[in-house]
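So the chains spell out like this:
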Amino acid sequence: IKGDIEARITELNGLHGRIDALVKKIEEVKSARIRKITKIFESMPPEEVYPRVERLSEETAVMVLAAMNEKKAAKILGLMNIDKSVKLTEKLKIR
């Protein structure tokens, strides 16, 4: 029985390592996508960006704004609906 338990523990540790590697890969892909979206938005005038950012999920909007040049993000937040801008700003300060 002890040998079976040790084998199972070894197997589970291996699975844990693979899961950790997959989670890391998913985070890397997600981060790369956010950087790509941010780069696209930074190339556009704030007047064209803010309606798009307003429609993003709050999580995505915060990630994009956090990755963006501060002056560009400030201009976008300044053009947005005040309630949405305040909500995103509150979430940005937590990051």
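Use the structure listed above.
The structure displayed is predicted, hence computed values, not measured ones.

1. A word on the side chain of K72
And step 1. Checked against the element boundaries, K72 lands in helix α4 (residues 70-79).
And step 2. Buried within the structure, K72 lacks any salt-bridge partner; E47 is the closest side chain of opposite charge, at an N-O distance of 7.3 Å.
And step 3. A polar contact is formed between the side chain of K72 and the backbone oxygen of M44, at a distance of 2.2 Å.

2. Digging into the packing of helix α3 (residues 58-67) against helix α5 (residues 82-94)
And step 1. With their axes 10 Å apart at the nearest point, α3 and α5 run at an angle of 70 degrees to one another. Looking at the two axes, α3 sits roughly perpendicular to α5. Taken as a pair, α3 and α5 cross one another with a handedness that is right-handed. Residues E58, A61, V62, L65 and A66 of α3 form the contact with α5, whose participating residues are K84, K87, L88, K91 and L92.
And step 2. Grouping the amino acids of the contact of α3 with α5 by side-chain chemistry returns 6 nonpolar, no polar and 4 charged.

Scoring rules and cut-offs
- Residues numbered from 1 in each chain as written.
- Predicted model: local features only at pLDDT ≥ 70, side-chain atom pairs only at ≥ 80, totals over all residues.
- Heavy atoms only, no water.
- Helix = DSSP H or I, 4+ residues; strand = E, 2+ residues; numbered from the N terminus.
- Buried < 20%, exposed > 50% of the residue type's maximum accessible area, 1.4 Å probe, protein only.
- Lys, Arg positive; Asp, Glu negative; His and termini not counted.
- Salt bridge = Lys/Arg side-chain N within 4 Å of Asp/Glu carboxyl O.
- Polar contact = N/O pair within 3.5 Å; in protein donor to acceptor, adjacent residues only side chain to side chain.
- Axes fitted to C-alpha atoms, helices over the stretch in contact; angles between N-to-C directions.
- Parallel < 35°, antiparallel > 145°, perpendicular 65-115°, else oblique.
- Left-handed = near helix turned anticlockwise from the far one by under 90°.
- Contact = heavy atoms within 4.5 Å.
- Nonpolar A, V, L, I, M, F, W, Y, C, P; charged D, E, K, R; others polar.

These values are about where atoms sit, not about what they do.
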